[in-house]
Structures are given as C-alpha cells and as structure tokens.
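# Chain and residue survey
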Amino acid sequence: MAPDVRAIVHGVLGSHGDETILDYIVGVLEDEHYEHGDGGQDTYEHLGPILVDSGCCANDEEAREACRQLAARLEAGEAEAAPPAGAFGKALASGPVLLADADTRQLLTQQLKSGRDLIQTPFGNLPQISEKDRQKLEKARVKEEAAARAAFEAHQKQAAAATKGKKPTIQRNAGGGGPRDIHLENFCVSNGGRELVVDASVSLAVGRRYGLIGRNGTGKTTFLRALSSREIPGLPPSCQVLHVEQEVVGDDTPVLQVVLECDTERSELLAEEAQLMAALGLDKRSTPAAGEAGDGVWKRLVEIDADGAESRAAAILAGLSFEPGDMARPTRTFSGGWRMRVSLARALFVEPDLLLLDEPTNHLDLHAVLWLEQYLCRWPKTLLVVSHAREFLNAVCTDVLHLHSRSIATYRGNYDVFVKTAEERLRNATKAAEAQAAKRAHVQAFIDKFRYNAKRASLVQSRIKALERMAEVQVTEKDPEYVFNFPEPQLAGLSPPILGFHDVDFNYAGGPTLFRGLNFGLDLESRAAIVGPNGIGKSTLLGLISGALEPVKGHITRNPKVRMATFSQHHVDGMDLALNALQVMLRSYPDLKEQEARQHLGSFGVSGPLALQPLYTLSGGQKSRVAFAKLTFTKPHILLLDEPSNHLDIDAVDALIEGLALFRGGVLMVRCSGGGAHGALFRGGVLMVSHDQYLIESTVDELWCCEGGQVVPFHGTLDDYKKRLRGLAKH
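### Quick word on the packing of helix α23 (residues 581–588) against helix α24 (residues 594–602)
Packing of α23 against α24 brings their axes to within 10 Å, and their N-to-C directions diverge by 120 degrees. Taken together, α23 and α24 sit at an angle that is classed as oblique. Crossing hand, α23 versus α24: right-handed. Contacts from Ala581, Leu582, Met585 and Leu586 in α23 reach Glu594, Ala597, Arg598, His600 and Leu601 in α24.

### Re the sheet that holds strand β8 (residues 407–412)
By definition, the strands of a sheet pair up through backbone hydrogen bonds, in either a parallel or an antiparallel sense. Spatially, six strands are ordered β4-β5-β6-β3-β7-β8 in an open sheet, and the strand pairing comes out mixed. The sheet is open, and its two borders are formed by β4 (241–244) and β8, each paired with just one other strand. Each strand axis lies, on average, 20 degrees off the axis of its neighbour in the sheet, ignoring direction. The sheet contact formed by β4 and strand β5 (residues 354–358) spans four bridges and is parallel. Across the sheet, Val244 pairs through a bridge with Leu357, a residue of β5. Sitting on the sheet, helix α16 (residues 336–350) is in contact with β4 and β5, with an inclination near 160 degrees to β4.

### A few points about the confidence of the model for the protein
The predicted model of the protein has a mean per-residue pLDDT of 79, with 81% of residues at 70 or higher. Below a pLDDT of 50 lies the segment residues 85–124, which in the model reaches 37 contacts outside its immediate sequence neighbourhood of four places, other chains included. The model gives residues 670–685 a pLDDT under 50, and that stretch makes 87 contacts with residues more than four places away or in other chains.

### Focus on the side chain of Asp505
Inspection of the secondary structure assignment puts Asp505 in strand β9 (residues 499–507). Look at Asp505: it is buried, it has no salt bridge, and the nearest opposite charge is Arg516 at 4.1 Å. At 2.6 Å, the side chain of Asp505 and the backbone nitrogen of Gly517 are in polar contact. Contacts of Asp505, omitting those with residues within four sequence positions, involve Phe515, Arg516, Gly517, Pro551, Val552 and Lys553.

### A few points about the sheet that holds β9
A sheet is described by the order of its strands in space; here three strands give the open sequence β10-β9-β12, paired in antiparallel fashion. In this open sheet, the two strands that pair with only one neighbour each are β10 (513–522) and β12 (553–558). Shown here is a sheet whose adjacent strand axes are inclined to one another by a mean of 20 degrees, direction ignored. The pairing of β9 with β12 spans five bridges and is classified as antiparallel. The partner of Leu499 across the bridge, within β12, is Arg558. Against the sheet, helix α21 (residues 538–546) touches β9, β10 and β12, its axis set at about 50 degrees to β10.

### Here we look at the packing of aromatic side chains
The geometry of an aromatic ring pair is captured by two quantities: the separation of the ring centres and the angle between the planes. Tallied over the full model, the rule gives 20 aromatic pairs. Centroid distance Phe520 to Trp704: 5.5 Å. Interplanar angle 65 degrees. Geometry classified as edge-to-face. Taken as a pair, Phe520 in strand β10 and Trp704 in strand β17 (residues 702–707) lie far apart in primary sequence, 184 residues in all. Put simply, the rings of Phe484, Phe486, Phe567, Phe604 and Phe628 pair up and form one aromatic cluster. Lying across the ring of Tyr44, Arg64 places its NZ or CZ 4.1 Å from the centre. In this arrangement the basic side chain of Arg463 is found over the ring face of Phe446, its NZ or CZ atom lying 4.5 Å from the centre.

### Here's the deal with the pairing of strand β2 (residues 194–204)
Bridge count for strand β1 (residues 182–191) against β2 is seven bridges, and the pairing is antiparallel. Each bridged residue has a counterpart across the sheet, and for Leu184 the counterpart in β2 is Val202.

### So, the pattern of salt bridges
Oppositely charged side chains can pair when the atoms bearing their charge come close. In the structure shown here, the tally under the stated rule is 16 salt bridges. A salt bridge links Asp252 to Arg332; the shortest N-O distance between them is 2.5 Å. With a gap of 80 residues between them, Asp252 in the loop between β4 and α10 (255–260) and Arg332 in the loop between α15 (324–327) and α16 connect regions that are remote in the sequence. Its relative accessible area of 30% is what places Arg332 among the partly exposed residues. For the salt bridge of Lys381 with Asp353, the shortest nitrogen-to-oxygen distance reads 3.6 Å. Of this pair, Lys381 sits in the loop between α17 (366–377) and β6 (382–386) while Asp353 is found in the loop between α16 and β5, placing the two residues 28 residues apart along the sequence. Taken individually, Lys381 and Asp353 each receive the classification buried, so the pair is uniform in this respect. Members of the salt-bridge network, linked through shared partners, are Arg208, Asp399 and Arg412.

### Comments concerning unusual backbone geometry
A positive phi is found at Arg230, a non-glycine position, where the angle reads about 60 degrees. Inspection of the secondary structure puts Arg230 in the loop between α9 (220–228) and β4. In this structure, Glu351 takes a positive phi of about 55 degrees despite not being glycine. Within the secondary structure layout, Glu351 lies in the loop between α16 and β5. Since its relative accessible area comes to 27%, Glu351 is described here as partly exposed.

### Quick word on the nonpolar core
Counting residues in each nonpolar core, the largest one holds 49 residues, and the members touching the most others are Phe322, Leu348, Phe349 and Leu376. Counting residues per element, this core draws most heavily on α16, which supplies eight residues. Setting aside its immediate chain neighbours within four residues, Leu376 contacts Arg209, Leu348, Leu357, Leu383, Phe392 and Val396. In terms of nonpolar packing, the next biggest core, distinct from the first, is built from 37 residues, Phe484, Val584, Leu592 and Ala655 among them.

Calculation notes
Residues numbered from 1 in each chain as written. Predicted model: local features only at pLDDT ≥ 70, side-chain atom pairs only at ≥ 80, totals over all residues. Heavy atoms only, no water. Axes fitted to C-alpha atoms, helices over the stretch in contact; angles between N-to-C directions. Helix = DSSP H or I, 4+ residues; strand = E, 2+ residues; numbered from the N terminus. Parallel < 35°, antiparallel > 145°, perpendicular 65-115°, else oblique. Left-handed = near helix turned anticlockwise from the far one by under 90°. Contact = heavy atoms within 4.5 Å. Pairing = 2+ DSSP bridges. pLDDT = per-residue confidence, 0-100. Buried < 20%, exposed > 50% of the residue type's maximum accessible area, 1.4 Å probe, protein only. Lys, Arg positive; Asp, Glu negative; His and termini not counted. Salt bridge = Lys/Arg side-chain N within 4 Å of Asp/Glu carboxyl O. Polar contact = N/O pair within 3.5 Å; in protein donor to acceptor, adjacent residues only side chain to side chain. Phe/Tyr/Trp six-rings, centres within 6.5 Å; stacked < 30°, edge-to-face > 60°. Lys NZ or Arg CZ within 6 Å of the ring centre and 35° of its normal. Core = buried A, V, L, I, M, F, W, Y, C linked by side-chain atoms within 4.5 Å.

The structure is reproduced here in structure tokens:
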C-alpha cells in the first residue's frame, strides 16, 4: 500500500500554515515519479521557499529540515510498499505472459517498466556491463547533470533579478497630456542568443486592446518582458508600463492593504493628515481649525478621490472572487495562484498607460473570468494580453498581434476575425505567388528559347532585366502540425462500473464539509464537464476519484484493473528543470531504452533538439508536453487532467483534443483555459472540470454543477450557466 502522503505532511509540518498551502504540497509529493534528491535537496529547492513564505516554517534551515524529513518518510513508506526482491520473477516462473493477462494479475507499474523477465532467449543470460564501466558511466552522468544544474541555478538567479520589480504605483499625469499612442519600429528581440523577433514594427493605440498570439516558444513572454524593461526603443518616457508576471510577496500585509498601498500619494496624504489631526488634537476633518491648517491636504485628497479608493480596490478584489473576509487576511496565507490574483488586482487598480497581461485566466474560475472580460472591455488605456483562450480573446480584444516566423503582423478585430483574415491573406498570397511563378516561368522560357538568337538579343536582355526586377511574393509558411498521440491501453476485461460513489461525505481535517451524500458512477462512456467556482472542491473530487483522498463517510468502489495517471501543474513544477526531456524519461523509467524514450516524446511533439534542451529553457506549453509524455508511458486506462491547457497554445490545445478524441481510455479533466474541436471521435469517458466554453461544447454531453456540497446535473448549455452566473453576480 502506498504511503499516506497527507498524513506524513501533517506529521512533519503539524498544523502550521494554511490548508490550501498544505494541499498544494500534498499534490506535489503525491506524484509517484517525484524525485526528492539526496537528503531531500530537490524537495527543498521546490518547496522550501513556499514553506517559509506561507509560515509553515520559520526560516530556511527549518524548511530544509522539514523537506529532509518528508523525503525520508516518503521514501521509507515507498520501500515498505514495494514488493520483495524477486517477487515479480517468481510470478513469471511459469513462462512469459501476455500484457492482457498482466492487467488481470494487477502487476505494478514499476514491474512493467522492465521487459527482462518477459524475454526468453536461447543464448542464455546476456552479458552484463562490468562494474568498472558502470561506475565510469555513472560518473559521467553525474558530471553532466551537475553542469546542467549549475547552468540552471545561474539562469534562476538571472531570471529572479530580471523579474524582481518595484511595487507598482499610481502615476498621476498632472497636465502632461495623458497617454499617447506607442510606435515601435524595426526592433529585434532575442533570448539567450536566439533571435525571436527580427525587424518588426508595431503600433499600439490608446484605447485599443491587443491580443498577442503565437505558438509556444516563439517569444511572446520574452517580448512582454522586453517591453516592461524598456529594452525596445520607441516607448515614450512618460508612458507607465506594467507587466503582471510575478505573484505578490507573502507577508503579514492584508490583501486589501497591498492593493491600496499602490496609491503612494494617497498613503502619504493620509499620513500627513493623521499627523496634522494629532497635532491639533482633533478627530474630524470638518473642524474649522483643522480646515485652516490642512486645507491643501484635504483638497488634494478630494481631487484624487481618496475616500473612494478603498471601495474601488475592494470591488476589483471581489470581481476576482475574493470574499470580504479574504481581503483582510495576510497575503502569506494564500497560495501562489491566489497571490497572482492579488498582483492582477494591483495592476487593475494602478491603471497604467500600457498594461501587459500574460495568460491572466490561468488561475481564475469562470465567475472571475466573466468579470475580468467585462472589466477589460471598459479599459480606457492600452492593453496587450497574451492568451490562448479563444472566448476570452473574442470578448476582450479589438486587435490581434500574430507572432510568427520572427515577425509580428497586426490584424483588426477579435480572434475569430483574425482566423478568417489570416486564411484569406494566406489564400491571396498563395494565388499571387503561383501567378508570379507562372509568369517567371513564361519569361524564363522565352529567355532560354531566344538566348542565342541575335535578332532577338534586345528582347532577351529586356526580359532578363524584367525577371531581375520581379519581387518575390512572401507567403507565410504554415506551422508543422502538432501531435498528441496517447498510447492505447488494454481494455479487454474492463467492464462497468469503473467507479462508484456511495453516500460519500468528505472534509479535510478541521475544515468544513465539502461534499455530503455523493452518489454517482463513472464508466468509459461518461462525457461530462464539472463547473463551479474555485475552492468549491473540484480538484478534491478528482482526488477522491483517483484514490489520493478517502471519504470520511460512505465508500467508493473502483475497478481494480484500472490504471490511472494524473496530470496537474504540480507535476509540471515537480520535474527537475535542470534536466532535458530525454533525461526526465530515462530517470523516471530506468530500464527504458533511449530510442524508445525519443519515440514516446515524439508522440507529444517533443523531438529532435527540443528533447535535448534543459527544461528551464522551454516554454510552459513545451514543459506540459514533456509532463504528458512522462505520465502516459505506463499506458493508463484513465487520465485525470487538472488544467492541462493552461500554458498550451491554441494549436497545441487542438492537437490535445484530437489526441484525446482518439484515446481509447477514460479522461477526467480539471480545466481553466484552452479549446479543441474533435470531441466527436472520442471513445472513452470524459469528466471535465472547466470554464472554457469552446472545449466543453466540443467534448462533453452534459454539465455537472459542483455547489452546496453536491455534484448535480445542470440542465442547459454553458451559455445558460454563464447567464445564471451573471444573474447571481447582479444580486
């Protein structure tokens, strides 16, 4: 039996820290392929800062010791759970077995990793590598990984220094003429010596909202960082640029106060007012004596609407799903995703001249996304947002910037208009190129025919000059197709029910009841999407389904032959970013051959040089594809996907959905963004937690609403559900 990760985490950390933080830590450590490193060093690198920032540990030393204990206890628990040495070999003593039979015997995944016990050969035992050579290979591997880790650590320090910015502040332009249009001409953007944008020109007009789209790894985030750091010439000196990239620091400052502190002028005036009132022994602004002394202070407070600042900040936080009680809580009590919301709230409160947002919907629930769409549609200045959510781009953007082939093209209209316009441009350019190619061929044929004809020499020379003057018609190259080829599991012998909930209640220790009296079943024909606000328990429900959590009342029946694999952002973050994709696969599955690892990575679009790049140099979407390859190698019957498209570009999400459509197992999803269009081909079960309309409408047959401790069918479309949310927001 696998170790109880939650019990071990609570045993080491006690009751310190917020339950949300502890849930995140449990989610990271529950990954069966998570690597702790020597003495828990890797665990400390991944979780140490979180433990200190959240208050679970007082300092770095205490966090290091806690991570060492976590690693030791979890590894000890796994050792106890592992079968005795040779047990698997004895099970196969009768001869080789079929994989279908292996399923019925419930062989462990670790036992299936190696095919040695399934091989019979007339040549006897194959020669083994000598111990001396093995030590040499291991020494070379350790040296290579140490060099990669040193490069990764240097990159981390450089990235931290680059993204460490000052607290955003409101800059009031008194008589400065207000914001102006931005014209960036003939600029280049590079990263690590690799040119991402070459000789591009972009104009950003005041009051326009631009969506920046492009494939993963083309340089969208790098372009935003170059803008925010003013590395690109053309930004007016008075233009305030704010890039929402880092979460706010977790400390004892209340959330509402963190937002209000961005108005430094208001804070200084209020402090001056307090000193003035204390000096005069007064407690009301309307006192005549106080009015004479502080007329300038109060006049300025009225001009900047100091009294309305708190209500405006609270309204922004409420729109991002913060309850009134949450606004008074210290930021250290929130997880990284919620602190990113605070960072977004600060930016909206500051209202800079140029606001840069990078995937702002990744950590938002549907209610918050709908609110953000409405808020940004009223944005008075210039907005540049990177997003792969089609519905969000359609609702918010007035223009689209397409980053492709190291250039940026501007399109008027939202994302749907961009798709139609880009297809029309490509079609027209292709026709023009074909027409010109035909014309060139005709002229060249004339030249070749009469090149040595003295009577036509002048005509030949004029044709040659005309041919030289013909400009090449540039046709945008199509990107190569993405692939997501999920390995097919053995379904023979799998009969329903796959899983059943029977009067299930659940709550975390000391917390409120999240679910009460759940009764439902799942099989490989289920196709449903679960909708509901963040914090309602959608991910907890997936934990109950997977067996990571157990009910406090009732029971859950699971088909013992079913293998499940879980994808979540925790698993992406848990990978060793100093390694490359090939090393991740070989370390996770030690008996895997390099060629087999490369082939499997290629099934998810990670091939060639990309498979040999350190993970820290990959984009978020590319790292997600590596995580997909890692978790699906064991051919699971059920995929549990928690926000799998958060960092995937639009084409990659289409490929993901097409891959899931052809996957013969079951799929259960928690999603926050993305989309696809091939759900009709899917043969397995789908249970999806999502607020993405495009994805839901393409994939599922029914909606399940998670609220009030229940999971119940919602009779209507997602549009109906969104109307319901808007109606509740008005009340």
